Amino acid sequence: RLVARPIERELTQEAAVDEVTTTARQGLAVISVALRDDVYDTEPEWMRVRAALERARAELPADVPAPQLDDRVFGAVVAVYAVTGGAAVDRRAAA
């Protein structure tokens, strides 16, 4: 948490950031950032997130490596199934 808190604090100050989720263990912190749904031009927003990480770096212990951002990772997998119909028909019975 010593590492995660300053990063979370800086990230949540960014207007385009919708959600920050952290998983922390001894020696590791993984922080996921979700941008708002209405942000379509994401590159400038990811640049702002990178700047927030740089600001947070000043608050981290000296022996902690610089935070890294991978904005190419997408965590959502979507499958849409649609079933429509009117009256039920048993094709086996109709044959």
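Small disclaimer: the values here were computed from a predicted structure and weren't measured.

Asks: Before we go on, may I ask you to explain the overall build of the protein chain in this structure?
Replies: Each helix and strand in the protein chain was counted, giving three helices and two strands. When the 95 residues of the protein chain are sorted by exposure, 21% land in the buried category.

Asks: Help me understand the pattern of salt bridges, please; the structure alone is not making it clear to me.
Replies: Oppositely charged side chains can form a pair if their charged atoms are brought close together. Inspection of the entire model under this criterion finds six salt bridges. Across the salt bridge formed by Arg48 and Glu45, the nearest N and O atoms sit 3.0 Å from each other. Highlighted residues: Arg48 and Glu45, both in helix H2 (residues 42–57), separated by three residues, approximately one helical turn. Taking the relative accessible area as the measure of exposure, Glu45 reaches 18% and is therefore buried.

Asks: Teacher, can you tell me more about H2 here?
Replies: Given 3.6 residues to a turn, an α-helix orients residues that are three or four positions apart in the same direction. With 16 residues, H2 should cover 22 Å at 1.5 Å per step; its first-to-last C-alpha distance of 22 Å lies within 8% of that length. Within the span of H2, buried status applies to Glu45, Trp46, Val49, Ala52, Leu53 and Ala56. The buried side chains of H2 occupy one side of the element, clustering within an arc of 105 degrees when seen end-on. Looking at the buried residues of H2, the elements they touch are helix H1 (4–11), strand S1 (17–25) and strand S2 (28–35).

Asks: So what exactly am I meant to see when it comes to the nonpolar core here?
Replies: Taken as a class, soluble globular proteins show a tendency for nonpolar side chains to be buried jointly. Counting 12 residues, the largest nonpolar core is built from Ile7, Leu11, Ala16, Val17, Leu35, Val39, Trp46, Val49, Ala52, Leu53, Ala56 and Leu60. Those elements that place two or more of their residues in this core are H1 and H2. No other element matches H2, which puts five residues into this core. For Ala56, the contacting residues outside a window of four places in its chain are Pro6, Ile7 and Glu10.

Thresholds applied
Along each chain, the written sequence defines residue order, and numbers are assigned to residues from 1. The predicted nature of this model means local features are confined to residues of pLDDT at least 70 and side-chain atom pairs, given and counted, to a pLDDT of 80 or more, with totals for whole chains, interfaces and linings taken over all residues. Excluded from the side-chain calculations are hydrogens and water; all other atoms, namely the structure's heavy atoms, are used. In DSSP terms, a helix is any run of H or I states spanning at least four residues, a strand is any run of E spanning at least two, and both are numbered starting from the N terminus. Only protein chains enter the calculation, and the probe is 1.4 Å; a residue is then buried if its accessible area is under 20% of its type maximum, exposed if over 50%, and partly exposed in between. Here a salt bridge means any side-chain nitrogen of Lys or Arg lying within 4 Å of a carboxyl oxygen belonging to Asp or Glu. Here the expected span of a helix is defined as 1.5 Å times the quantity of residues minus one. Of all possible arcs, the one meant is that of the directions from the helix axis to the C-beta atoms. When checking whether two residues touch, look at their non-hydrogen atoms; a contact exists if any pair is within 4.5 Å. The nonpolar core is taken to be a set of buried Ala, Val, Leu, Ile, Met, Phe, Trp, Tyr and Cys residues, with the residues joined through side-chain atoms within 4.5 Å.

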